[in-house]
Amino acid sequence: MTGIVPSLVLDICLGMVSLALLFCLYRIIVGPSAADRAVAADTMGTGVMAAISLYSLKLGTTEYLSAVLVIAILGFVGLVIVAKFIYGGDIIDRYR
């Protein structure tokens, strides 16, 4: 992207996403329950994906977007595992 305005807007957006990531980190550390920590971790994963996407847009490349896809898949699988663990069931159900 060329021009001062798009670069300034992307810098402001990156700053806002960084601030949101700090709030999520605080909730992960202080969170009163495991469910709050799980939601904050999922939100943090989404924020990291947004930051990588904004950085990729700022650089004008698509090389980092595959990392966004991997983070999205791992975040979903991780959240399902944590939710199942919090619920109280086995993580892997084995029917015999």
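Note that this is a predicted model, so its numbers are computed, not measured. (Residues numbered from 1 in each chain as written. Predicted model: local features only at pLDDT ≥ 70, side-chain atom pairs only at ≥ 80, totals over all residues. Heavy atoms only, no water.)

Asker: Help me out: how do you make sense of the overall build of the protein in this one?
Answerer: When its secondary structure is counted, the protein shows three helices and zero strands. Taken from N to C terminus, the helices and strands of the protein fall in the order α-α-α. Scored against the burial criterion, the 96 residues of the protein give a buried share of 15%. In the protein, once contacts between residues fewer than 6 apart in sequence are set aside, the share between residues at least 24 apart is 41%. Carbon and sulfur atoms provide 73% of the accessible area of the protein, an area that totals close to 7,100 Å². (Helix = DSSP H or I, 4+ residues; strand = E, 2+ residues; numbered from the N terminus. Buried < 20%, exposed > 50% of the residue type's maximum accessible area, 1.4 Å probe, protein only. Contact = heavy atoms within 4.5 Å. Areas by Shrake-Rupley, 256 points an atom, 1.4 Å probe, with all protein chains shown as cover.)

Asker: In this structure, what is going on with helix α3 (residues 65-87)? I would like to understand it.
Answerer: Owing to its 3.6 residues per turn, the α-helix aligns residues three or four sequence positions apart on the same side. For α3, spanning 23 residues, the distance from its first C-alpha to its last is 33 Å, which sits close to the expected 33 Å at 1.5 Å a residue. Gly88 sits one or two positions beyond α3 and adopts a positive phi of about 110°. (Expected span 1.5 Å × (residues − 1).)

Asker: Would you take a moment to explain helix α2 (residues 34-59) for this structure?
Answerer: Look at α2: 37 Å from first C-alpha to last across 26 residues, which is about the 38 Å you get at 1.5 Å a residue. Of the positions making up α2, those classed as buried are Ala38, Ala40, Gly47, Met49, Ala51, Leu54 and Ser56. On the buried face of α2, the contacting elements are α1 (4-30) and α3. Following α2 by one or two positions, Gly60 adopts a phi angle in the positive range, close to 75°.

Asker: Would you take a moment to explain the environment of Leu69 for this structure?
Answerer: Looking at the secondary structure, you find Leu69 in helix α3. Along the sequence, Leu69 and Met49 sit 20 residues apart, while their C-alpha atoms lie 8.3 Å from each other.

Asker: So what exactly am I meant to see when it comes to the side chain of Ser56 here?
Answerer: Relative to the helices and strands, Ser56 resides in helix α2. Residue class for Ser56 comes out buried when judged on its relative accessible area of 2%. Polar side-chain contacts of Ser56 include one of 2.4 Å to the backbone oxygen of Thr61. Here Ser56 is in contact with Thr61, Thr62, Tyr64 and Leu65, once residues within four sequence places are set aside. (Polar contact = N/O pair within 3.5 Å; in protein donor to acceptor, adjacent residues only side chain to side chain.)

Asker: In this structure, what is going on with the pattern of salt bridges? I would like to understand it.
Answerer: Close approach of charged atoms allows side chains of opposite charge to pair. The full count for this structure, using the stated rule, is one salt bridge. Lys58 serves as the salt-bridge partner of Asp11, at 2.3 Å between the closest nitrogen and oxygen. Here Lys58 lies in helix α2 and Asp11 lies in helix α1, a separation of 47 residues in the sequence. Assessed through its relative accessible area of 32%, Lys58 is described here as partly exposed. (Salt bridge = Lys/Arg side-chain N within 4 Å of Asp/Glu carboxyl O.)

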